[in-house]
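Remarks on the overall topology
Chain by chain, the residues:
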Amino acid sequence: MLRLTDIKLPLDHDEQALELAILSKLKIEKSQLLSFNLFKRGYDARNNKNIQLIYTLDVEVGSQEELLTQFARDPHVRITPDMTYKFVAQAPANLKNRPVVIGLGPCGLFAALILAQMGFNPIILERGKAVRERTKDTFGFWRKQALNPESNVQFGEGGAGTFSDGKLYSQVKDRKHYGRKVLHEFVAAGAPEEIMYVSKPHIGTFKLVNMVEKMRATIIELGGEFRFSTRVEKLDLDTNGKAHKIKGLHLSGGDYLPCDHVILAIGHSARDTFTALHEQGVYIEAKPFSVGFRIEHEQSMIDRERFGENAGNAILGAADYKLVHHCKNGRTVYSFCMCPGGTVVAAASEPGRVVTNGMSQYSRHERNANSAIVVGITPEEDYPGDPLAGIELQRRLEELAFSVGGENYHAPAQLIGDFLAGKTSSEIGDVKPSYTPGITLTDLSKVVPDFVTQAIREAIPAFNRQIKGFAKTDGLLTGVETRTSSPICIKRDENYQSVNVQGLYPAGEGAGYAGGIWSAGIDGIRVAEALALSMVSDT
Ligand code: FAD
């Protein structure tokens, strides 16, 4: 097969156009083209009067070798790479101990699936509840302000991304094509087939709930075992000077689980577990993350600005955006986790704190677009000293937001125009807030450090130059956005094990090795492979 990249066609091209484009690109007759299929479809909307679809196609031809020679200098004609997933190991029959996966977010889910597929019968420990019960608790919080600290947007089966937009792309390097395996498994569990070929796939929240359940059933069929409402409280370590080796886990409820190979995929919100690990001497470093607000506009305005007269086109769907601004005060402000046609959600996992995030359904049909508008911060400049100081900063900002919001989980919010003018908001305009339990209009500069206010005040007008209407007076800012990524990194070595605890495999977003559902899944596969190889070599 040949892979042709960068085949550009107009948005409204007809069915025959793809075949004609292949024939024209390869300069061949129709009889030489045996078959073709779509590998990727993206679009270029920089000129919204002439939006182009950009295809990557896999093509079967009668004269492959000849064409490869003919197009040897053309980077857009290559052999189709083999992207099929190949297992690195098979569990030996005499395996003594079962591997343990802590945390059932996308990282833990994929680690468990791969281990199960290789025959390692993993045990999966998750502090939260199974996804159906968890959904009730999460919606309960949004509707009735009753936060369950063990079952919420962050904790429970499916992890942090379960109630999300389900965007499945990131900028991670994926030389081994693990990302394809993630997509394949998601489709097998019920995701729309199109995630395999659209350039920015998304799943939406309700589909994710069903998929997570199906994947659990598959893992159980393959010999895996799940324990919900089971929080790992402490590691049991064999210690020799500064080096440790894992020999078991202390669980909530007083249980103990002996084990020697453990994947730690606990996400970025397991602050109590981070503290326990740090106190036990697991090596942790502080890392940069970002803080700011969620911004909301009418989706129709974003669609119009991005797609012009093509707004509403079914192939394009609801428009997204990605914005970056480097500020005079040396800070960088950027948009993050943009959710077209979605809602702003209450994402707290600790009582007395308010955190925002965003989600949408597969249809992306809600009235508002939202994204985080955040400022990058670093341990060196903003939370020096203790490796866990970033967590304390997050907590302080979330507490402030809770207090300014009225101490009832309402989030503090402000109209964009008022924020730019430094004026407390008193009335909602055209953009209706989507955040439940509700918002309290205020002055958002009260809940973030001054440099954050300053940087975002400078960035919004700059973003308005790229998307006219971005600084629209009655657009809405809601705060506070603090959980953009993990504030720590649990350092691992070249074998994916903790640098000072043998048998412990820190993984996913919480450990600082992923950012988003797809990359967390990829990291889960990577770490499961390393663990499997280590277990096989131990037997
Ligand atoms: P997590 O998903 O956080 O999973 C960690 C799991 O570990 C949790 O289930 C937790 O309960 C469990 N756990 C924690 N501590 C313990 C313990 N001590 N014992 C046992 N279990 C424990 N990303 C995208 O790519 N696209 C999106 O559209 C998107 N939208 C998002 C929307 C929202 C509302 C949120 C909150 C996040 C969103 N994200 C999105 C981010 C994405 O969800 C995360 O990057 C991803 O889930 C990280 O995966 P993970 O497996 O590393 O950790």
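Keep in mind the model is a prediction, meaning the values are calculated, not measured.

With that settled, the discussion passes to the site of the ligand. In the region of the ligand, 38 residues are neighbours, and Glu-126, Ala-160, Gly-161, Glu-509 and Ile-517 sit closest. Arg-127 places a polar main-chain atom, nitrogen or oxygen, 3.1 Å from a nitrogen atom of the ligand. Thr-273 places a side-chain nitrogen or oxygen 2.9 Å from a nitrogen atom of the ligand. Counting residues per element, the ones that place at least two in the shell around the ligand are α3 (106–117), β17 (356–359) and α13 (517–538). Residue composition of the shell around the ligand, grouped by class: 17 nonpolar, 15 polar and six charged. In this structure, the shell around the ligand is formed jointly by two domains, domain 2 (100–284 + 488–538) and domain 3 (288–481), each of which donates at least three residues.

Our next topic: the side chain of Ser-151. Relative to the elements of secondary structure, Ser-151 occurs in the loop between α4 (131–144) and α5 (178–188). For Ser-151, a relative accessible area of 1% puts it in the buried group. Here Asp-137 takes part through its side chain, which lies 2.6 Å from a polar atom of the side chain of Ser-151. What Ser-151 contacts, discounting residues up to four positions off in sequence, is Lys-129, Arg-134 and Asp-137.

Now for the pairing of strand β16 (residues 343–346). The alternating pattern of β16 places Thr-343 and Val-345 on one face and Val-344 and Ala-346 on the opposite face, and all of these are buried. For β16 and β17, the ladder comprises four bridges, and the chain directions are antiparallel. Directly across from Ala-346, in β17, lies its bridge partner Thr-356.

Let's shift gears to the domain arrangement of the protein chain. Split by domain assignment, the protein chain resolves into domain 1 (2–79), domain 2 (100–284 + 488–538) and domain 3 (288–481). Centre-to-centre, using C-alpha coordinates, domain 1 lies 40 Å away from domain 3. Contacts between the two partners involve seven residues from domain 1 and, on the opposite side, ten residues from domain 3. Counting the surface domain 1 buries against domain 3, the share from its top three residues, Leu-11, Tyr-43 and Asn-48, is 65%. At the boundary of domain 1 and domain 3, one finds zero salt bridges. A class-by-class count of the residues in the side of domain 1 that touches domain 3 yields five nonpolar, one polar and one charged.

Before going further, it helps to examine the sheet that holds strand β24 (residues 504–506). One open sheet accounts for five strands, arranged β7-β6-β5-β11-β24; its pairing is parallel. Both outer strands of the open sheet, β7 (225–227) and β24, are each paired with one neighbouring strand and no more. In this sheet, adjacent strand axes meet at a mean angle of 20° when their direction is disregarded. Two strands pair when backbone bridges link them, and strand β5 (residues 100–102) and strand β6 (residues 123–125) are joined in this way by three bridges, in the parallel orientation. Residue Val-101 lies in a different strand from β6, and its bridge partner there is Ile-124.

What follows deals with the packing of aromatic side chains. Counted under the stated rule, the structure contains 16 aromatic pairs. Aromatic side chains Phe-139 and Phe-163 sit 6.2 Å apart centroid to centroid with 80° between the ring planes, which places their arrangement in the edge-to-face category. Pair noted here: Phe-139 is in helix α4 and Phe-163 is in the loop between α4 and α5, with a separation of 24 residues, a long-range link. Pair check on accessibility: Phe-139 and Phe-163 agree, each one buried. Both rings, one in Tyr-321 and one in Phe-470, keep their centres 5.4 Å apart while their planes meet at 85°; by these two values the pair is edge-to-face. Taken together, the residues span a long stretch of sequence, with Tyr-321 in the loop between α8 (299–307) and β14 (324–326) and Phe-470 in the loop between α12 (450–466) and β21 (476–481) at a distance of 149 residues. Residue Tyr-321 shares its accessibility class with Phe-470, and that shared class is buried. Feature note: the residues Phe-139, Trp-142, Phe-163 and Phe-206 constitute an aromatic cluster, connected by ring pairs. We note Lys-40 situated over the ring of Phe-39; from NZ or CZ to the ring centre the distance is 5.6 Å. Over the ring of Tyr-513 we find Arg-492; its NZ or CZ atom is 3.7 Å from the centre of that ring.

The rules behind each value
Residues numbered from 1 in each chain as written. Predicted model: local features only at pLDDT ≥ 70, side-chain atom pairs only at ≥ 80, totals over all residues. Heavy atoms only, no water. Near = heavy atom within 4 Å. Polar contact = N/O pair within 3.5 Å; in protein donor to acceptor, adjacent residues only side chain to side chain. Helix = DSSP H or I, 4+ residues; strand = E, 2+ residues; numbered from the N terminus. Nonpolar A, V, L, I, M, F, W, Y, C, P; charged D, E, K, R; others polar. Domains from an automatic or database assignment. Buried < 20%, exposed > 50% of the residue type's maximum accessible area, 1.4 Å probe, protein only. Contact = heavy atoms within 4.5 Å. Pairing = 2+ DSSP bridges. Buried area = accessible area lost by both parts, 1.4 Å probe. Salt bridge = Lys/Arg side-chain N within 4 Å of Asp/Glu carboxyl O. Axes fitted to C-alpha atoms, helices over the stretch in contact; angles between N-to-C directions. Phe/Tyr/Trp six-rings, centres within 6.5 Å; stacked < 30°, edge-to-face > 60°. Lys NZ or Arg CZ within 6 Å of the ring centre and 35° of its normal.

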